[in-house]
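The residues making up each chain are set out below.
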Amino acid sequence: MTTTLKTLRTNVGSRHPELYRALTAVAVLADKTALAEGLSPLLIELVKIRASQINGCAFCLRIHTKDSLAKGESPERLSVLPAWRESMYFDEQERSALALAEYITTIQDSHTNTGLYESAVTHLTAGQVSALTWLTMTINTYNRIAISSAYTVAP
C-alpha cells in the first residue's frame, strides 16, 4: 500500500469544523469590511492572490484566481502580479494594498523592513489599512490550513 502525503496529514478543518466555521465567518466579515471601506472586489482578490503566491498555496491560488477572473480581472494583471512593483498595471491604492499584504504575509522580516509598513499605507485610509490587515491575516490562515493539511489541487 502506498502512503501519500495526504494520508499522513490531518485535515484540521475537518477535525475541528467549528474552528473552520469561525474562520470563515471572520473571512466573510473581513471581505464585507474591506468593501465598506471603499476597496474594490478586484483589489480584495488581488490581495488574497498575492499572499497565496508568497505562501505557495496552490489551493487558494486556484480559488482566488478563478474568482478574480469571474469578477472581471484581466489575465494581464494577474500574470504580472508577482512583479507588481515593476509594472504600470496597478494604481497607487492597489500598490499600497499589495505592499501592505506583503508586509503582513512576511511579517517575520518586519524588523529588517523598517519603514515598509509606513510606506505601504500612504494611499490608504486607517479603515482601509485595518480592513486589509484583517483580509491578509485571514487568507494567510487559510493558506496555512490548506498547505499543512495537504489540500488536493486538481484540474
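Up top is the structure these notes are about.
Description of the structure in this document. It should be emphasised that the depicted structure is a prediction, and the values quoted were computed from it without experimental measurement. (Residues numbered from 1 in each chain as written. Predicted model: local features only at pLDDT ≥ 70, side-chain atom pairs only at ≥ 80, totals over all residues. Heavy atoms only, no water.)

### Describing the pattern of salt bridges
Two side chains carrying opposite charge are able to pair once their charged atoms lie near each other. Tallying each qualifying case throughout the model produces six salt bridges. Among the salt bridges present, the one from Lys71 reaches Glu45, with a minimum N-O distance of 2.8 Å. Here Glu45 lies in helix 4 (residues 41-55) and Lys71 lies in the loop between helix 5 (58-70) and helix 6 (75-80), a separation of 26 residues in the sequence. Arg50 is the partner of Glu102 in a salt bridge, and the nearest nitrogen-oxygen pair spans 2.7 Å. One end of the pair, Glu102, is in helix 7 (residues 92-105); the other, Arg50, is in helix 4, with 52 residues separating them in the sequence. Overall, Glu102 belongs to the buried group, its relative accessible area being 9%. Among the residues examined, Arg50 registers a relative accessible area of 12% and is labelled buried. The network of salt bridges with shared partners includes Arg50, Arg85 and Glu102. (Salt bridge = Lys/Arg side-chain N within 4 Å of Asp/Glu carboxyl O. Helix = DSSP H or I, 4+ residues; strand = E, 2+ residues; numbered from the N terminus. Buried < 20%, exposed > 50% of the residue type's maximum accessible area, 1.4 Å probe, protein only.)

### Looking at the packing of helix 5 against helix 9 (residues 126-148)
Taken N-terminus to C-terminus, the directions of helix 5 and helix 9 make an angle of 130°; their axes are 8 Å apart at the nearest point. Judged by the angle between their axes, helix 5 and helix 9 are oblique. Taking contact as the criterion, the partners of Phe59, Cys60 and His64 in helix 5 are, on helix 9, Ile139, Tyr142, Asn143 and Ala146. (Axes fitted to C-alpha atoms, helices over the stretch in contact; angles between N-to-C directions. Parallel < 35°, antiparallel > 145°, perpendicular 65-115°, else oblique. Contact = heavy atoms within 4.5 Å.)

### Section: the environment of Thr33
With respect to the helices, strands and loops of the structure, Thr33 is situated in helix 3 (residues 17-36). Judged by relative accessible area, which is 32%, Thr33 ranks as partly exposed. A sequence separation of 102 residues divides Thr33 from Leu135, and the C-alpha atoms of the two residues are 8.9 Å apart.

### With respect to the state of the cysteines
If you walk through the whole model with that rule in mind, you get zero disulfides. Just so you know, Cys57 is unpaired, no disulfide at all, and the nearest cysteine sulfur is the one on Cys60, 3.6 Å from it. Take Cys60: its relative accessible area is 5%, and that puts it in the buried class. (Disulfide = S-S within 2.5 Å.)

Any link to function would need more than the numbers given here.
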